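Listed below, chain by chain, are the residues.
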Amino acid sequence: MHRTLISAAVLALAGLVAQPLAAAPAAAAQATTQLPRSVRPSHYEVALVPDAAHSTFAGKVAITLEVLEPTASITLNAADLAFSKVTLAPAAGGAPMTAKVAIDAAAQSATFTFARPLARGQYRLALEYTGVIGQQAVGLFSLDYDSAAGKKRALYTQFENSDARRMIPSWDEPAYKATFTLEATVPAGQMAVSNMPAAATSALADGRSLVKFATTPKMSTYLLFFGLGEFERATAMAGATEVGVVTTKGGAAQAAFVLDASKAILAEYNDYFGVRYPLPKLDNIAAPGRSQFFGAMENWGAIFTFEYAMLLDPAISTQSDKQEVFLTAAHEMAHQWFGDLVTMRWWDDLWLNEGFASWMESRTTARLHPEWHTALNAVNVRDGAMGLDSMATTHPVVQHVQTVEQASQAFDAITYNKGESVIRMLENYVGAEAWRSGVRAYMRAHAYNNTVSDDLWREIEKAAGKPVTGIAHDFTLQPGVPLIRADAACKGSSTSVTLTQEEFSRDHPDKKALRWRVPVTLQMAGTSRQVRALVSDGKATVSVPGCGALIVNAGQSGYYRTLYAPKLFDALGAGFGKLAPIDQIGLLSDSWALGMAGRQPLADFMELANSATPAADPQVWGKIAGVFRTIHSHYQGDRARQKTFDKFAIERLAPVFKQVGWMARAGENATVATLRADLIETLGELDDAATVGEARRRYAGSPNDPQVMPPALRKTIMAVVAAHADAPTWEGLQRAAQAEKSPMIKDQLYRLLASANDETLAQRALELAMTDEPGLTNSAAMLAEVAHQHPEMAFDFALAHIDKVNARVDATSRSRYFPRLAAGSASQAAIDKLSAYASANLAAGSRGDADSAIAGIRDRIKVRAERLPEIDKWLQAAQ
């Protein structure tokens, strides 16, 4: 699953507690389950009759299963389903028995009890039932959208992590793999899509069509997919596989890039994994709207992606959009192996799916599009994890999951970003070829089955011929971020380096440090030779050839912070412009994070940012601009001090922007196009009068003149205008949103309405979000957008309208959504309100996001009290 930038979460399910593992030596090999172990399914025959107009469906399923030990009942997962008939018959034939049905809504289960105990053996369980088609992306759901022909409705499914049970009574857990045959009765003229190609389509007497799909491979329930609507499909062959894109009518042209990309990615993955993609087709289905929880989903053979993450509209799409589309496709296609072919046994090891897909998306993008220079983004990925991992509220990559709620909350930056970063570090430690050999062996050994993390480490160790498991356990079974303190002395023609391992913590600096075995790569600046070492038991002494500026974590593949002795940092700062761009970004990142934690003077970061020249790599300037935006936000509410900082930041960024310019130049690198948009937004956020004025001038000009409103900057210009909007401008944007027929552009316009700095307009956006006008899937996004500038206003409003908000947020997202609205606050009052919300609305084991948000608010309060004065002092001295 590909997360959205506005992550969100999941509704607590009280009473769903995992059953203890059986007390036996073999228990360690058993998967966690919330169901009795006495029955195992092997095949589902599903017949579905959706009624989109009335938001209901009728279903039938015949489940081939094996009773493993005598039992009088069968329990499976079911949510919001009403059963009309349940029978069981021996698979070999015989009279069926009718079951007595008992529903446990809290546990999302149904138990079928029979008149006599069932002996071991094969059976066929037949069920007839009805269910609800929802309006948010959970289970079987509908999305309404505008088109040139008027209002339309399409149906899709979203089952991860535990929502197949909303459409199919099933053993809805990853270890219960089975095959599926799906058929659907659908309106004539509409297209039905599933994991496999349609095997047969026949016309029914009432004018509808019966579509029967081929049988799937053995897979987990959460990977099943069904879509229905007025779609169009474009295809291409990638070897023996038919690759397709499915869009609402008229949208296929905007999917041309992802179709071409999918061909290249599939060829790359077939080679890398050493196991060819096994299904006959691979579709990517684009849907209007959005979710607060995810952007795309890896259903085997039928990837689901919201339009904003898949389609490229030439009227508004940017270079960043293009890269994000590629990254999303690469992520979901990697899941066809890591997640679909080989699946984690239980949600404890979710990172085996998501961390690997994230790493593969980054690796593949850098390999297939080197001109984008995305390898430098590894530092930002790492920082995304360390921001959470350096707080006391963090958790290990491999974490024990007991409930559906906890499984949903596991989709976070630790699972994705830290998982990706640890893989990158371990691949660097064992070597790329050995790593790939281990991954290939893992795929061959566990295809169509379930695994735990140690199954992977075992194969990597065999391929590498060196110990890996211990290092992997240190970074995946315990939380936190190592800190490597570096000191050095030149001795003749080499440098003796002393490395000491501590722990980087933002909110518990005095805690006893955990111990990691840390792979470290060292290099003298200006040389190509790297020295590798393993810091174990807290210390290591390493000899590095040459003397000069020493880079620890050269290439930035390690998952740790580096704290240099002052003389070492000064040497790197003096030669900052000569470092490789990725090491420049790494040094900026470490000095900023350590400065904010009070472990290093913040002046060190400010001096580096002040010394960068306009000729520095665009992504180095992107990093600096991002930190400047963060500092600007920390000054929120103290306009005088904020203006002092903004003046400095504008003076640093304006010459860079002057060099980049408003208009693209022929042959410019993609990173320049990205930086251009980034600088316009940053300078706009800093209230740079020249940038805001020029954005307004261009917005007021001819929208069809590419010299005035270049399509690649349309979104950026409008974002600046919307942020600084007055009432007439805001109302003009609303009229444009009301008239817009493109769902993707309409969604963007409504989010822009929610980005206003003006509090009165922000309040109007909140009220608009609770109406039907923006569409149900846009409402939650609008509240989240308001929260970027006005977190307490948005949080208070959401609580005051909690029932309406809940109706507009994915059911699996609510316990994460509300805390994240308040997360940008910096007041004790916000902590008190968030604590009260959590106590009143969340189960004790479901407060991870609330606890993280509270910790973040405390950190922001501390930054304002203790760190901003350091920046004030530096600014005063620099004048």
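Now for a description of the structure that goes with this document. (Residues numbered from 1 in each chain as written. Predicted model: local features only at pLDDT ≥ 70, side-chain atom pairs only at ≥ 80, totals over all residues. Heavy atoms only, no water.)

**What about the overall build of the chain?**
Stage number 1. Counting its regular elements, the chain contains 26 helices and 29 strands.
Stage number 2. Scaling as 2.2 N^0.38, a compact globule of 879 residues should have a C-alpha radius of gyration of about 29 Å, and the chain matches this with 28 Å.
Stage number 3. By its C-alpha atoms, the chain is 90 × 65 × 55 Å across when sized along the principal axes.
Stage number 4. For the chain, the exposed area adds up to about 31900 Å²; of that, 53% sits on carbon and sulfur atoms. (Helix = DSSP H or I, 4+ residues; strand = E, 2+ residues; numbered from the N terminus. Rg over C-alpha atoms; globule rule 2.2 N^0.38 Å. Areas by Shrake-Rupley, 256 points an atom, 1.4 Å probe, with all protein chains shown as cover.)

**A short note on the pattern of salt bridges**
Stage number 1. The full count for this structure, using the stated rule, is 48 salt bridges.
Stage number 2. With a shortest N-O distance of 2.6 Å, Arg153 and Asp144 are connected by a salt bridge.
Stage number 3. We classify Arg153 as partly exposed; its relative accessible area is 28%.
Stage number 4. For the salt bridge of Arg641 with Asp872, the shortest nitrogen-to-oxygen distance reads 2.5 Å. (Salt bridge = Lys/Arg side-chain N within 4 Å of Asp/Glu carboxyl O. Buried < 20%, exposed > 50% of the residue type's maximum accessible area, 1.4 Å probe, protein only.)

**Brief notes about the sheet that holds strand 28 (residues 550-552)**
Strands belonging to one sheet form pairs held by backbone hydrogen bonds; the direction of such a pair is parallel or antiparallel.
Stage number 1. With antiparallel pairing, the three strands of this open sheet are ordered in space as 26-25-28. A single partner strand is all that each edge strand has here, and the edge strands are strand 26 (530-535) and strand 28. When strand polarity is set aside, the average angle formed by the axes of neighbouring strands in this sheet is 25 degrees.
Stage number 2. Bridging between strand 25 (residues 518-524) and strand 28 involves three bridges; their strand directions are antiparallel. Looking across to strand 28, one finds that Met524 is bridged to Leu550. (Pairing = 2+ DSSP bridges. Axes fitted to C-alpha atoms, helices over the stretch in contact; angles between N-to-C directions.)

**Here's the deal with the state of the cysteines**
Stage number 1. Taken as a whole and judged by the stated rule, the model has one disulfide.
Stage number 2. What pairs with Cys490 in a disulfide is Cys547, and their sulfur atoms sit 1.8 Å apart. Classification of the bridge connecting Cys490 and Cys547 rests on its S-S torsion, roughly 75 degrees, and on that basis the disulfide is right-handed. You can see Cys490 sitting in strand 23 (residues 481-491) and its partner Cys547 sitting in the loop between strand 27 (539-545) and strand 28, a full 57 residues away along the chain.
Stage number 3. For Cys490, a relative accessible area of 47% gives the class partly exposed. (Disulfide = S-S within 2.5 Å.)

**Points about the side chain of Glu420**
Stage number 1. Here Glu420 is to be found in helix 6 (residues 413-430).
Stage number 2. In this structure the side chain of Glu420 is engaged in a polar contact, spanning 2.7 Å, whose partner is the side chain of Arg424.
Stage number 3. Excluding residues within four positions of it along the chain, Glu420 makes contact with Gly355, Ser358, Trp359, Ser362 and Val381. (Polar contact = N/O pair within 3.5 Å; in protein donor to acceptor, adjacent residues only side chain to side chain. Contact = heavy atoms within 4.5 Å.)

**A closer look at the sheet that holds strand 3 (residues 71-77)**
Stage number 1. As summarised here, the arrangement of the three strands in space is 3-7-6, forming an open sheet in which the pairing is antiparallel. Edge positions in the sheet fall to strand 3 and strand 6 (100-104), since each has one partner strand and no second. The mean angle between the axes of side-by-side strands here comes to 25 degrees, regardless of whether they run parallel or antiparallel.
Stage number 2. Pairing of strand 3 with strand 7 (residues 109-118), which is carried by six bridges, proceeds in the antiparallel orientation. In the sheet register, Asn77 faces strand 7, and the bridge partner there is Ser109.

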